[in-house]
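A look at the structure
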Amino acid sequence: MSIALALLLSVAPAAAQDRASLQDYATAISTAFVNDPDGFIARYGSTPATDRLVRADLPRLSGSPHIIRWNAREKTATILLSGHAELDDSGNETSASLRYSGLHSARWTEMGWKIEARTPFSVNRIRTHRIAVQLDPSVGLSAVDEMEVTVGTDQGFFFGLNTGAVIDAVTIDGRSVPFLFQDGFAWVDAPKGSHRVSVQYHIKVERTPGGNSAMFADAYGHIRNQYWWHPFFGFGVDEGLADFQISIRAPERLKLAVDLPQTDAVVEGQRTVVARSSEPIAAVSFAYDEAWAPVDARFGEVTLSVFATPDYTPKTDQLVAAANETWDLLAGRFGAPPLDRISVIQARGRNGTGWHFFSNQALFTGAAGGVPSRINDFPVRAFFDHEVAHLWTRPSGAARNFLAEGWSTYAEGLVIERRYGAEARRWFWNDQARLFLINETAMAGALNDDPSNAGVSYAKGAWTLAMLERVLGRQAFDTGVRAYVAEPLGRTDYDSFVQGFGPSADVARRFLTPWVEGRGAPRIALERQGDQLILVQNGAVYWLPRFSCGLERDDGSVEWRTLEIDGARTPLSGADRVVRVRLDPAGDYLLAGDRVLEANAVSTP
């Protein structure tokens with residue numbers, strides 16, 4: 001017997017044992033996912049997303065673990081782990097599942113098998129979607145998505161799809177291939193390189209009234225982009241931005257509206273809408289209704305299409321009047337937006353009224369849209385104008401929602417001032433500060449870590465832009481935003497936004513960094529050292545230029561000073577007889593904690 005053969009025979013049983021122990025390890029993780037949070041965390045490891053998932057008081061199901069790739073010599077492997085918590089909304093259920101479900105790299109260590117990392121969707125790329133949908137309101141939808149993709153690793157091609165979907169067939173370059181689909185995660189055994197991937201599937205869409213992500217009824221229904229109704233990498237993954245062409249067929253009685261420019265034709269009792277993206281996007285939303293009476297109008301250089309019933313409010317002329325005001329304001333300062341079409345789509349299957357969400361080039365509302373703006377209730381808002389402002393930015397990357405929702409909320413403030421005056425502007429910004437500071441979830445979030453749009457990006461994002469405008473000056477701020485608005489898609493991430501400020505980019509980055517990367521807001525305390533008082537930033541350190549404060553002395557006089565707060569400690573010299581310090585009386589900065597600090601109550605360290 002040769003030495004090589006002897007070594008091979010001796011290694012084979014050991015390799016089989018290693019593979020069996022890996023399967024046992026993966027099975028133990030999957031079992032613990034269902035009803036043993038501590039055991040799951042001990043085996044899988046701790047991440048904020050998976051910890052929340054397994055500790056939630058919800059029933060959970062686990063998919064079978066699979067060894068996808070195996071290297072006996074290196075004792076490494078790629079395994080598929082999956083599971084989901086059962087929710088009423090399968091779109092939200094899929095989003096939660098994909099915090100865990102997916103491919104994981106594992107390695108043998110002295111302590112046994114350990115998960116090293118979860119493989120991100122971004123190792124692959126989707127270049128195009130060609131989706132053909134057959135819509136049956138009584139059942140749901142069936143679809144074929146033909147994609148052009150680039151597989152970047154030897155781990156295959158994978159994507160997210162609604163947990164309620166059934167995949168009927170998958171082909172690569174016209175050939176049937178093995179695939180796995182469980183808990184919203186689909187894996188296809190594809191080699192590295194460029195391929196045509198076709199996925200045939202169907203989904204039984206929920207019929208529960210008020211569905212957030214989706215709801216189908218006989219007369220009307222909607223599907224939101226976050227429903228994962230087509231192969232999808234998730235929001236904020238640039239490698240999933242693709243050119244879309246979608247055709248949807250439905251009974252003639254149903255009007256159809258997609259969140260992209262579309263054509264409409266009826267042949268032999270079937271309505272077919274074909275929609276195409278004008279630039280790469282991540283996902284698509286659509287709705288249908290048998291009672292709509294669609295109408296087109298114009299504001300500025302934009303076509304406004306309204307898909308709504310005849311009794312819908314506000315009326316189209318009211319929407320056009322508000323949109324024209326927003327156009328004049330924003331286009332005057334920041335240039336014309338890159339998109340020239342927007343739709344208002346009534347979704348009668350959603351709960352209540354109001355302006356519900358913006359998707360690509362469409363604003364989806366409830367049964368009615370509600371007032372475009374208000375100042376006599378909390379919070380002061382410009383609802384419709386917020387959605388119109390989305391036309392100006394097409395952000396990507398980690399801070400996507402900051403530059404989408406933060407920008408549109410900032411634009412609301414401009415509209416409120418133009419429409420109602422300076423006092424209403426002050427109310428708006430006070431309300432936004434309050435909304436942020438009382439929201440524990442928003443206070444705990446970061447603008448560059450908000451992929452699921454959990455709330456931090458709205459008020460804090462808007463305040464951050466308003467403060468940046470003050471720091472840079474209006475001319476430099478407008479020039480920078482105008483440059484960002486003009487950037488082509490693919491250059492619309494946070495770094496491109498900052499670089500757009502040109503000569504002011506370093507100042508912008510210095511100011512923005514703690515606001516974008518940090519959590520909460522500056523919290524300033526007072527400390528005494530002899531006759532000197534010191535302003536102390538507790539927690540993250542912010543740069544706050546031209547910071548105003550008032551030193552109130554025991555005789556009632558107030559000395560106003562303008563400081564540059566740059567660092568954790570800022571001394572206030574000549575502070576004898578000062579009894580209190582008033583911070584930022586004009587409200588130029590978003591601050592947590594008290595704005596009036598009692599000097600007699602502070603201690604000397």
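Residues numbered from 1 in each chain as written. Predicted model: local features only at pLDDT ≥ 70, side-chain atom pairs only at ≥ 80, totals over all residues. Heavy atoms only, no water.

**Brief notes about the layout of surface pockets**
Each pocket or cavity is described by its volume, and for the second largest pocket that value is around 680 Å³. Taken together, 32 residues form the lining of the second largest pocket, with R425, W429, W463, G587 and D588 sitting closest to its centre. Mapped onto the lining of the second largest pocket, the elements with two or more residues apiece are α5 (316–334), α7 (400–420), α8 (422–437), α10 (456–472) and β32 (578–583). Per-class residue counts for the lining of the second largest pocket are 15 nonpolar, four polar and 13 charged. (1 Å grid on protein atoms, 1.4 Å probe; cavity = no way out; pocket = protein on both sides within 12 Å on 5 of 7 lines; lining within 4 Å. Points joined across faces, edges and corners; volume = space filled by probe spheres on them. Helix = DSSP H or I, 4+ residues; strand = E, 2+ residues; numbered from the N terminus. Nonpolar A, V, L, I, M, F, W, Y, C, P; charged D, E, K, R; others polar.)

**Things to note about the sheet that holds strand β9 (residues 157–160)**
Across a sheet, strands are paired by hydrogen bonds formed along the backbone, either parallel or antiparallel in direction. Spatially, three strands are ordered β9-β13-β12 in an open sheet, and the strand pairing comes out antiparallel. The outermost strands of the open sheet, each flanked by one partner alone, are β9 and β12 (179–182). Adjacent strand axes in the sheet meet at a mean angle of 10° when their direction is disregarded. Pairing of β12 with strand β13 (residues 185–188) involves four bridges; the strand directions are antiparallel. (Pairing = 2+ DSSP bridges. Axes fitted to C-alpha atoms, helices over the stretch in contact; angles between N-to-C directions.)

**As for the sheet that holds strand β24 (residues 341–346)**
Read across the sheet, five strands follow the order β22-β23-β24-β26-β25 without closing on themselves; strand pairing throughout is mixed. The open sheet has two edge strands, β22 (295–299) and β25 (355–359), and neither has a second partner. Strand-to-strand twist of the sheet, defined as the mean angle between neighbouring strand axes without regard to direction, takes the value 20°. Sheet strands touched by α5: β22, β23 (302–307), β24 and β25. Its angle to β22, the strand with the most contacts, is close to 25°. (Contact = heavy atoms within 4.5 Å.)

**Here we look at the pattern of salt bridges**
Oppositely charged side chains can pair when the atoms bearing their charge come close. This model, assessed by the stated rule, comprises 32 salt bridges. In this structure, R253 and E290 form a salt bridge, with 2.8 Å as the shortest nitrogen-oxygen distance. Of this pair, R253 sits in the loop between β17 (243–251) and β18 (255–258) while E290 sits in the loop between β21 (286–289) and β22, and the two are 37 residues apart along the sequence. Given a relative accessible area of 38%, E290 falls into the partly exposed group. With its nearest N and O atoms 3.5 Å apart, the salt bridge here joins D449 to R519. Taken together, the residues D449 in the loop between α9 (440–443) and α10 and R519 in the loop between α13 (505–517) and β27 (524–529) connect sequence positions 70 residues apart. Residue classification places D449 among the partly exposed residues on the basis of a relative accessible area of 45%. For R519, a relative accessible area of 45% translates into the label partly exposed. (Salt bridge = Lys/Arg side-chain N within 4 Å of Asp/Glu carboxyl O. Buried < 20%, exposed > 50% of the residue type's maximum accessible area, 1.4 Å probe, protein only.)

**Some details on the packing of aromatic side chains**
A complete count under the given rule lists 34 aromatic pairs for this structure. Between F40 and Y100 the ring centres are 5.3 Å apart and the planes differ by 80°, which places this aromatic pair in the edge-to-face class. Taken together, the positions of F40 in helix α2 (residues 37–44) and Y100 in the loop between α4 (90–97) and β5 (102–109) put the pair 60 residues apart, joining distant regions of the chain. Each of the two residues, F40 as well as Y100, counts as buried. Connected via pairs of aromatic rings, a cluster forms that spans F334, F402, W407, Y410, F477, Y484, F497 and F501. Over the face of the ring belonging to F33 we find R60, whose NZ or CZ atom lies 6.0 Å from the ring centre. The side chain of R434 reaches across the aromatic face of F378, ending 4.2 Å from its centre. (Phe/Tyr/Trp six-rings, centres within 6.5 Å; stacked < 30°, edge-to-face > 60°. Lys NZ or Arg CZ within 6 Å of the ring centre and 35° of its normal.)

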